[in-house]
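# Per-entry structural report
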Amino acid sequence: MSGNRRKAREFAVQGVYQWLLNHQPTADIVKQLRDDPAYRNIDEQMFLALLNGVIDEAPALDLRLAAYLDRKPAELSPVEHAVLLLGAQELLHHLEVPYRVVINEAVELAKIFGGTDGHKYVNGVMDKLAAEARSVEVSAPRRKP
């Protein structure tokens, strides 16, 4: 079993949050997060891909997000910023994950870690980014289950 993908995202957003606050080396963040007993149940490959992807590409991701923000990325709450960076990374570089899943997971992360209405803001930004970044997928007719 590959582990829990939602938990991988939860750990990744915590790692991105730590990195945004103090720019700790990625290896130190990963070492600290691995000490959590819940870590052993995550999809570690996904966690590492998301965390490293966000940290490696943060300036480019912020540029992509900036068009959909009502303020500068640095003025966002660190939680919302971390969730948006993670969602953008997944939307842009993990095309195997349906865009609806990426948006839903970002909204759930904002509900878990963010402020009262932060998830609404995240949802709006992610919807706009998805419409631009995955326009073919977004405009495709929905298949009925």
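Heads up: the structure comes first, above all this text.
Overview of the structure. Everything quoted here is computed from the prediction, not taken from an experiment.

To continue, consider the overall build of the protein chain. Along the backbone of the protein chain there are seven helices and zero strands. Starting at the N terminus, the α and β elements of the protein chain follow one another as α-α-α-α-α-α-α. For the protein chain, the C-alpha radius of gyration of 15 Å lies close to 15 Å, the compact-globule estimate for 145 residues. By principal-axis analysis of the C-alpha atoms, the protein chain measures approximately 45 × 40 × 30 Å. Across the 145 residues that make up the protein chain, the buried fraction comes to 44%. Taking as baseline every contact in the protein chain between residues at least 6 positions apart, the subset at least 24 positions apart corresponds to 72%. When the accessible surface of the protein chain is split by element, carbon and sulfur atoms take 53% of a total near 8000 Å².

Looking now at unusual backbone geometry. Its identity is not glycine, yet His23 carries a phi of approximately 50 degrees, on the positive side. Mapped onto the fold, His23 is located in the loop between α1 (5-22) and α2 (26-34). Of the residues examined, His23 reaches a relative accessible area of 53% and is grouped as exposed.

With that settled, the discussion passes to the nonpolar core. With 46 residues, the main nonpolar core has Phe47, Leu65, Val83, Leu84 and Met126 as its most contacted residues. Contributing elements (two or more residues each) for this core: α1, α2, α3 (44-66), α4 (78-93), α5 (99-113) and α6 (118-133). Not counting residues within four places of it along the chain, the set of residues in contact with Leu84 comprises Leu65, Leu69, Leu76, Tyr121, Val122, Val125 and Met126.

Our next topic: empty space enclosed by the protein. Applying the stated rule across the entire model yields one cavity of 30 Å³ or more. In this structure, the largest cavity spans a volume of roughly 30 Å³. Arg9, Val83, Leu86, Gly87, Glu90, Val102, Glu105, Ala106 and Leu109 together form the lining of the largest cavity. Looking at the lining of the largest cavity, the elements with two or more residues in it are α4 and α5. For the lining of the largest cavity, a count of residues per class yields five nonpolar, one polar and three charged.

Cut-off values and rules
- Residues numbered from 1 in each chain as written.
- Predicted model: local features only at pLDDT ≥ 70, side-chain atom pairs only at ≥ 80, totals over all residues.
- Heavy atoms only, no water.
- Helix = DSSP H or I, 4+ residues; strand = E, 2+ residues; numbered from the N terminus.
- Rg over C-alpha atoms; globule rule 2.2 N^0.38 Å.
- Buried < 20%, exposed > 50% of the residue type's maximum accessible area, 1.4 Å probe, protein only.
- Contact = heavy atoms within 4.5 Å.
- Areas by Shrake-Rupley, 256 points an atom, 1.4 Å probe, with all protein chains shown as cover.
- Core = buried A, V, L, I, M, F, W, Y, C linked by side-chain atoms within 4.5 Å.
- 1 Å grid on protein atoms, 1.4 Å probe; cavity = no way out; pocket = protein on both sides within 12 Å on 5 of 7 lines; lining within 4 Å.
- Points joined across faces, edges and corners; volume = space filled by probe spheres on them.
- Nonpolar A, V, L, I, M, F, W, Y, C, P; charged D, E, K, R; others polar.

Treat this as a map of the structure, not an account of what it does.
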